[in-house]
Amino acid sequence: MRILGIDPGYAIMGWAVLDLKGNHFTAVDYGSITTDAGVPMPQRLGHLYSQLCAVIEKYHPEEASIEELFFNNNAKTVIHVGEARGVAILACVNGGLSVSEYTPLQIKQALVGYGRADKKQVQAMVKAILNLDAVPRPDDTADAVAAAICHGHSCGNRLVRARRKGI
């Protein structure tokens, strides 16, 4: 299965494409899409959408995993991140992908085994699981990789439960 992981943001949107065979993950590619602060929000959202569509077109993922919005005290920031998250979901749906959403707690639990793990622990697991020389940068990209790994673990768990039930 090929999974697209997304860490939504309007200044930096992290993305990662991973292949999952059995219980082994392989990094296909990962990176981030950036927008400039001085650009009006509609143009920033359009850029995020078109660039994410290009990633989907290039790598043909089968499923997408996106981090749910984490509440921030700054309402304007939350609204803008929500808008970026919306265009990311739209790009995935228009690209024919099923979209699964995970909270930061679920992602940390899936990677580290502890929902309150810190960023460095999650990044260390991303590096270890993919056997990378370094943690993907910027942090948003590492978070997108983590979202994809979380989805892979979640899918694997659903398959195991289905097999046990004889489905």
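Structure: see above.
Predicted model only: the values in this text are computed from it and were never measured.

The rules behind each value
Residues numbered from 1 in each chain as written. Predicted model: local features only at pLDDT ≥ 70, side-chain atom pairs only at ≥ 80, totals over all residues. Heavy atoms only, no water. Helix = DSSP H or I, 4+ residues; strand = E, 2+ residues; numbered from the N terminus. Buried < 20%, exposed > 50% of the residue type's maximum accessible area, 1.4 Å probe, protein only. Contact = heavy atoms within 4.5 Å. Areas by Shrake-Rupley, 256 points an atom, 1.4 Å probe, with all protein chains shown as cover. Core = buried A, V, L, I, M, F, W, Y, C linked by side-chain atoms within 4.5 Å. Axes fitted to C-alpha atoms, helices over the stretch in contact; angles between N-to-C directions. Parallel < 35°, antiparallel > 145°, perpendicular 65-115°, else oblique. Left-handed = near helix turned anticlockwise from the far one by under 90°. 1 Å grid on protein atoms, 1.4 Å probe; cavity = no way out; pocket = protein on both sides within 12 Å on 5 of 7 lines; lining within 4 Å. Points joined across faces, edges and corners; volume = space filled by probe spheres on them. Nonpolar A, V, L, I, M, F, W, Y, C, P; charged D, E, K, R; others polar. Disulfide = S-S within 2.5 Å.

A. Region of the structure containing the overall build of the protein chain. Scanning the protein chain from N- to C-terminus turns up five helices and five strands. Mapped in sequence order, the helices and strands of the protein chain form the string β-β-β-α-β-α-β-α-α-α. For the protein chain, the spread of C-alpha atoms along the principal axes amounts to about 50 × 35 × 30 Å. Relative to its full complement of 167 residues, the protein chain shows a buried share of 43%. Taking the contacts inside the protein chain whose residues are at least 6 apart along the sequence as the reference set, 60% of them involve residues at least 24 apart. Accessible surface, the protein chain as shown: approximately 8,900 Å² in total, 53% of it carbon and sulfur.

B. Spatial organisation of the nonpolar core. Core analysis: the largest hydrophobic core is formed by 23 residues, its most contacted members being Leu4, Ile6, Met13, Trp15, Leu48 and Leu52. Within the residue set of this core, elements represented by two or more residues are β1 (2–7), β2 (12–21), α1 (41–59), β4 (63–67) and α2 (75–94). Take this core: its biggest share by element is seven residues, from α1. With residues up to four places along the chain from it excluded, the contact list for Trp15 reads Leu4, Gly5, Asp29, Tyr30, Gly31, Ser32, Ile33, Leu52, Val55, Tyr59, Thr141 and Ala144. Grouped together as the second largest cluster of nonpolar side chains are 20 residues, Ile3, Leu20, Leu132 and Ala147 included.

C. Main features of the packing of helix α3 (residues 104–112) against helix α4 (residues 119–130). Relative to each other, α3 and α4 sit at 50 degrees, their axes nearing to 9 Å. Considered as vectors, α3 and α4 are oriented oblique to each other. Of the two elements, α3 crosses α4, and the hand of that crossing is left-handed. Together, Lys108, Leu111 and Val112 of α3 and Gln121, Val122, Met125, Val126 and Ile129 of α4 make up the contact between the two elements.

D. Representation of the layout of surface pockets within the structure. Empty space within the largest pocket amounts to approximately 520 Å³. As for the largest pocket, its lining consists of 22 residues, and the residues nearest its centre are Asp7, Pro8, Glu67, Phe70 and Asp143. Elements that contribute at least two residues to the lining of the largest pocket include exactly α2, α3, α4 and α5 (139–165). Partitioning the lining of the largest pocket into residue classes produces twelve nonpolar, three polar and seven charged.

E. Quick look at unusual backbone geometry. Between Arg137 and the following residue, Pro138, the backbone shows a cis peptide bond with an omega angle of -5 degrees. Positive phi outside glycine occurs at His60, with the angle close to 50 degrees. Structurally, His60 can be placed in the loop between α1 and β4. For His60, a relative accessible area of 56% gives the class exposed. Despite not being glycine, Asn131 has its phi angle at roughly 55 degrees, a positive value. For Asn131, the location among the structural elements is in the loop between α4 and α5.

F. Structural detail: the environment of Thr77. Turning to its location among the elements, Thr77 is positioned in helix α2. We classify Thr77 as partly exposed; its relative accessible area is 22%. Spatially, the C-alpha atom of Thr77 lies 9.4 Å from that of Gly9, the residues being 68 residues apart in sequence.

G. Structural detail: the state of the cysteines. Using the criterion set out here, one finds zero disulfides in the structure. Cysteine Cys53 remains unbridged, with the sulfur of Cys92 as its closest cysteine sulfur at 8.4 Å. Relative accessible area serves as the criterion here: at 24%, Cys53 is assigned to the partly exposed category. Left without a disulfide partner, Cys155 is nearest to the cysteine sulfur of Cys150, which lies 9.4 Å away. For Cys155, a relative accessible area of 7% gives the class buried.

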